[in-house]
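Summary of structural features
Now for the letters of each chain:
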Amino acid sequence: MKERRKIVKHLMILCAVIVTALGIPSVTKADETNYQAALSTNRAEGKVTYTVKGLLLDQGDEADPVLDTNSETQTETKNSLKLIVTSVTTKKTIIQKEIELTPENCIDGAYTGNFSLNDVNYAYDTYAVSFVIGSKTISAGNADLTIHTNKISMTIKGDSSSASRTMSMVSKEGAGGVLIPGSGNQLSIMAWPVSANENTAKIIGAKTNISGNNGLAWATDVRQAGVLYGNWNAKLVLTNTANARINMKLAQVSYQVIPAISTFVTKKTTALEKKKSFNISVQGLKNVYGVKKLSFRIYNSKGSKVATVTGQRKNTSGSQFEAAVTMKKLKNKLDTYTIKAVITDNNGNTRTLDKTATADQRAKSGSLSITKKAKKAACTYKLSNAYLPGNIKKVEFVLYKINGKKQKKQDTFTVKSTAGKKKISATASNLGVGTYLIKAYGYTAWNKRVLLNQEKYKLKKKDMGKNGWFYEKYNGKKYKLYYKDNKVQTDVTKLLKLKKSSASNINNFYIEVNRAAGTVTIFMKNEETGKYDLPVKTCTVSVGRDISTNAGTSGLTLHSSFTPLGNYSICTNGQSVKYTMKPMLEPDGSTVYARWATHIVGNVYFHAIAVGSQSHYALSSSTYNRLGTPASAGCIRMTVADAKWIYDYASTGSRVKIIKGNAKKPGPMGKNAVIKTNGVSYDPTDPAVPDSRKKADYKAKRISGYMKKNGTRVGY
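Bear in mind the structure is a predicted one, so any value in this text is a computation, not a measurement.

Procedures and definitions
Residues numbered from 1 in each chain as written. Predicted model: local features only at pLDDT ≥ 70, side-chain atom pairs only at ≥ 80, totals over all residues. Heavy atoms only, no water. Helix = DSSP H or I, 4+ residues; strand = E, 2+ residues; numbered from the N terminus. Rg over C-alpha atoms; globule rule 2.2 N^0.38 Å. Contact = heavy atoms within 4.5 Å. Areas by Shrake-Rupley, 256 points an atom, 1.4 Å probe, with all protein chains shown as cover. Pairing = 2+ DSSP bridges. Axes fitted to C-alpha atoms, helices over the stretch in contact; angles between N-to-C directions. Polar contact = N/O pair within 3.5 Å; in protein donor to acceptor, adjacent residues only side chain to side chain. Phe/Tyr/Trp six-rings, centres within 6.5 Å; stacked < 30°, edge-to-face > 60°. Buried < 20%, exposed > 50% of the residue type's maximum accessible area, 1.4 Å probe, protein only. Lys NZ or Arg CZ within 6 Å of the ring centre and 35° of its normal. Core = buried A, V, L, I, M, F, W, Y, C linked by side-chain atoms within 4.5 Å. pLDDT = per-residue confidence, 0-100. Lys, Arg positive; Asp, Glu negative; His and termini not counted. Salt bridge = Lys/Arg side-chain N within 4 Å of Asp/Glu carboxyl O. Disulfide = S-S within 2.5 Å.

Quick look at the overall build of the protein chain
When helices and strands are tallied, the protein chain shows five helices and 46 strands. Relative to the 2.2 N^0.38 estimate, which gives 27 Å for 716 residues, the radius of gyration of the protein chain is 59 Å and therefore markedly larger than a compact globule would have. Viewed in the frame of its principal axes, the protein chain has a C-alpha envelope of about 195 × 55 × 45 Å. Within the protein chain, contacts between residues at least 6 apart in sequence are counted, and of these 60% link residues at least 24 apart. Approximately 37,300 Å² of the protein chain is accessible, and the part contributed by carbon and sulfur atoms is 48%.

Next up, the structure:
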């Protein structure tokens, strides 16, 4: 056979030479060979198989050229080819291998070979496979040995407050596909804090074999990664049993490790209000690292921490804590407080919960209404739905009269409150036409005065009720009374233009002393009726300390202390006995001095409260404050102003009737309020005391009122 090929070869060469010499065309090898290359990839095994066809072996000198009768071309014979495997990503040649062709591996002109992931050092990539044959390069195509990361994702299930989480690798690889080529592949889960370096990651999900396109799931305990709170990263890590250097992150996801609660609230109850406190409650508390204790930090509206209280555990699981906070703990400051809960876990670390609670410990102004009552010439001030932490102890309605930009205080009306009372009101007589401002002040349980609300209002003439003279019944009799702004005037001396008593002017009054009520009412004859039914003035007085004795003058002695009942007159003996300053003997034998004394009968006089010396500044404050109650040795004690009025206006012979009386029926003009003093040694109605001193003492609250030298009353 070999011999035949040799002969054929030589004949062909000889023919070629002859053809050339004679100019006859010859048959040459083709411009292109018939080489063909293809490959197939087994991703599951991580193996690539390739085939090259159209090959002819070169037999050396013994080989004969073979004519390709179909293509009428001559095929060049070779005894080797070169395999080249290049990374598509990096463009680097990974495998370059010369392959010797033999009759054993090149059968019918085809050569088949393979390479695996191990041959490319487990570099997962797409590889371009080609062959060099002589001067020709033939491509077999690309082999996909990549990891399909675009079809791999990672999920985490579980609460941020739970140590147990389910972490999963999710595959979107289609049926029959392979996510990761090759065998021996394993996946695990590692985690590390976002604030730390990734190389600190710790394994929390064990290595698990993976094949094909199936997903995986791990039941993990995130505490295995560390004890920090906050944001964490978890990654899906690929390793391989055949190659220890493989440690590749395929996917990553974030999760949180933070405590959680279901409710965090403050609440108030009737019982808590009585204690001037509120309650803080946390429920549904869960933490990855457990709960050793919980405290509440309290911040004011400016963001400053003002208190810290310890929560009381309410169940064994540690999911519920409560604490009571008193206003005293907050230094009784009315404010809106923000409360933060801080847990100490079983590792001794602390963490402030994300949720906060709010305690509104401010005053609530409610609404303030003014209702005018024209017939009564009064206004009702009603404060509704106001609130003070710990409940409102009392409410002060303070009335001001407005004149331009000035506010002048007129009166104060105090109303005690009861726990939880929604409406608090006070009614006051109108003081005259004009613009007014009413302010409602609430007092806290710890006696702090707080302005709750205020309102302006106007009073017109129609709001002032009665004005002028009216006949009215009192205690079964009719009296002529003068009203100003619906208030009975208790002194109409100036209105009647009365003159002081003198030899040329006789004022015949009827003076009634109501011993039980502690009042003196002076009447004059009414020209319209001819009766003593026109009250001129009423005075609040102190009668004798003994109010059980109902005797007349027959029982009077130096040591008696009752005011005798009966009918008398000014200077009953018919002589004008009046004193600007009268020395008087007390039952104990001491001498006192009474100003503006007017004799009634025996040793009984109308007079100003007696003093121990002849001075305007020798009056006992406690004695003065007893006006309106039985306090004397039998005389009728009065203010300096009232005693001087009787001294000045009541003529000798004016009738005086002292009756047992009724405390509830003081007289048609009523009973005047009395001034109270605190430590002063004078009578605030005494015209001999300068107005400037009275004004200063009134401002300093040493006296509750006073009378100016011109007779104007201030504060009462």
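Some words on the sheet that holds strand 14 (residues 202-209)
One open sheet holds the four strands; their spatial order is 14-13-16-17, and the pairing between them is antiparallel. The open sheet has two edge strands, strand 14 and strand 17 (243-257), and neither has a second partner. The average angle at which neighbouring strand axes cross in this sheet is 20°, direction not considered. Pairing analysis gives 10 bridges linking strand 16 (residues 230-240) to strand 17, with the strands arranged antiparallel. From the neighbouring strand, Leu238 faces strand 17, where its bridge partner is Met248.

So, the side chain of Thr380
Note that Thr380 resides in strand 27 (residues 378-384). Only 2.8 Å separates the side chain of Thr380 from the side chain of Thr427, close enough to count as a polar contact. Those residues within four positions of Thr380 in sequence are excluded, and the remaining contacts are Ser369, Ile370, Thr371, Lys373, Ser425, Ala426 and Thr427.

Some points on the packing of aromatic side chains
Taken as a whole, this structure holds 19 aromatic pairs when the rule is applied. Note on Trp645 and Tyr649: the rings are 4.9 Å apart at their centroids and 25° apart in plane angle, and the pair reads as stacked. With a gap of four residues between them, Trp645 and Tyr649 both fall in helix 4 (residues 640-649), about one helical turn apart. Accessibility classification places Trp645 together with Tyr649 in one group, the buried group. Through a chain of ring-to-ring contacts, the aromatic side chains of Tyr381, Phe397, Phe413, Tyr436 and Tyr457 assemble into a single cluster. Residue placement shows Lys340 over the ring face of Tyr299; its charged tip is 4.9 Å from the ring centre.

Some details on unusual backbone geometry
Residue Tyr122 is not a glycine yet carries a positive backbone phi of 50°. By secondary structure assignment, the location of Tyr122 is in the loop between strand 8 (110-116) and strand 9 (126-133). Of note, the phi angle at Ala377 is positive, near 50°, even though the residue is not glycine. Position of Ala377 relative to the elements: it lies in the loop between strand 26 (367-373) and strand 27. The exposure class of Ala377 is buried, given its relative accessible area of 0%.

Concerning the sheet that holds strand 37 (residues 519-524)
Taken in spatial order, the five strands of this open sheet run 38-37-36-44-39, and their pairing is mixed. This sheet does not close on itself; its edge strands, each paired only once, are strand 38 (534-540) and strand 39 (566-569). Neighbour-to-neighbour, the strand axes of this sheet turn through a mean angle of 20°, independent of strand direction. Sheet topology places strand 36 (residues 510-514) next to strand 44 (residues 655-659); five bridges connect them, and they run parallel. In the sheet register, Tyr510 faces strand 44, and the bridge partner there is Arg655.

Looking at the pairing of strand 33 (residues 468-474)
Pairing of strand 33 with strand 34 (residues 477-484) involves seven bridges; the strand directions are antiparallel. Note on strand 34: the bridge partner recorded for Tyr471 is Lys480. The hairpin formed by strand 33 and strand 34 contains two residues between the paired strands, and Asn475 there has a positive phi angle of roughly 55°.

Section: the nonpolar core
One finds Leu187, Leu236 and Phe296 to be the most contacted residues of the largest nonpolar core, which totals 82 residues. Broken down by element, this core gets its largest block of residues, six residues, from strand 17. Other than its neighbours up to four places away in sequence, Leu236 contacts Ile152, Met154, Met169, Leu187, Ser188, Ile189, Trp218, Met248, Lys249, Leu250 and Ala251.

Observations concerning helix 4
Within helix 4, eight of the 10 residues are buried, leaving the element largely enclosed by the surrounding structure. Those residues of helix 4 not exposed but buried are Val640, Ala641, Asp642, Ala643, Trp645, Ile646, Asp648 and Tyr649.

A closer look at the environment of Gly634
Structurally, the position occupied by Gly634 is in the loop between helix 3 (621-624) and strand 43 (636-638). Judged by relative accessible area, which is 3%, Gly634 ranks as buried. Put simply, Gly634 and Ser561 are 73 residues apart on the chain and 4.7 Å apart in space, counted from C-alpha to C-alpha. Ignoring sequence-local partners within four residues, the contact set of Gly634 consists of Gly544, Ser561, Phe562, Thr563 and Val604.

Section: the pairing of strand 2 (residues 47-53)
Only one face of strand 2 is buried: it carries Val48, Tyr50 and Val52, and the other face, with Lys47, Thr49, Thr51 and Lys53, is open. The pairing of strand 1 (residues 36-42) with strand 2 spans seven bridges and is classified as antiparallel. Paired with Leu39 across the two strands is Tyr50, which belongs to strand 2. Where strand 1 hands over to strand 2, the hairpin turn is made up of four residues, of which Gly46 adopts a positive phi near 65°. Two strands pair when backbone bridges link them, and strand 2 and strand 8 are joined in this way by six bridges, in the antiparallel orientation. Paired with Lys47 across the two strands is Ser116, which belongs to strand 8.

Details of the confidence of the model for the protein chain
Overall, the predicted model of the protein chain reaches an average pLDDT of 90, with 92% of residues at or above 70. Predicted confidence is poor over residues 1-32, with pLDDT under 50, and the contacts of this stretch with residues over four places away or in other chains come to 26 contacts. Across residues 61-75 the pLDDT falls below 50, and counting only partners more than four positions away or on other chains, this stretch makes 27 contacts in the model.

Digging into the side chain of Asp686
If you trace the backbone, Asp686 turns up in the loop between strand 44 and helix 5 (691-699). Comment: no salt bridge for buried Asp686; closest opposite-charge side chain is Arg595, at 4.7 Å. A distance of 2.9 Å separates the side chain of Asp686 from the side chain of His616, its partner in a polar contact. Only 2.9 Å separates the side chain of Asp686 from the backbone nitrogen of Ala688, close enough to count as a polar contact. Contacts of Asp686, omitting those with residues within four sequence positions, involve His616, Val640 and Lys694.

Some points on the state of the cysteines
Disulfide: a covalent bond formed between the sulfur atoms of two cysteine residues. Using the criterion set out here, one finds zero disulfides in the structure. Sulfur of Cys635: no disulfide; nearest cysteine sulfur belongs to Cys571 and is 13 Å away. Residue classification places Cys635 among the buried positions, given a relative accessible area of 10%.

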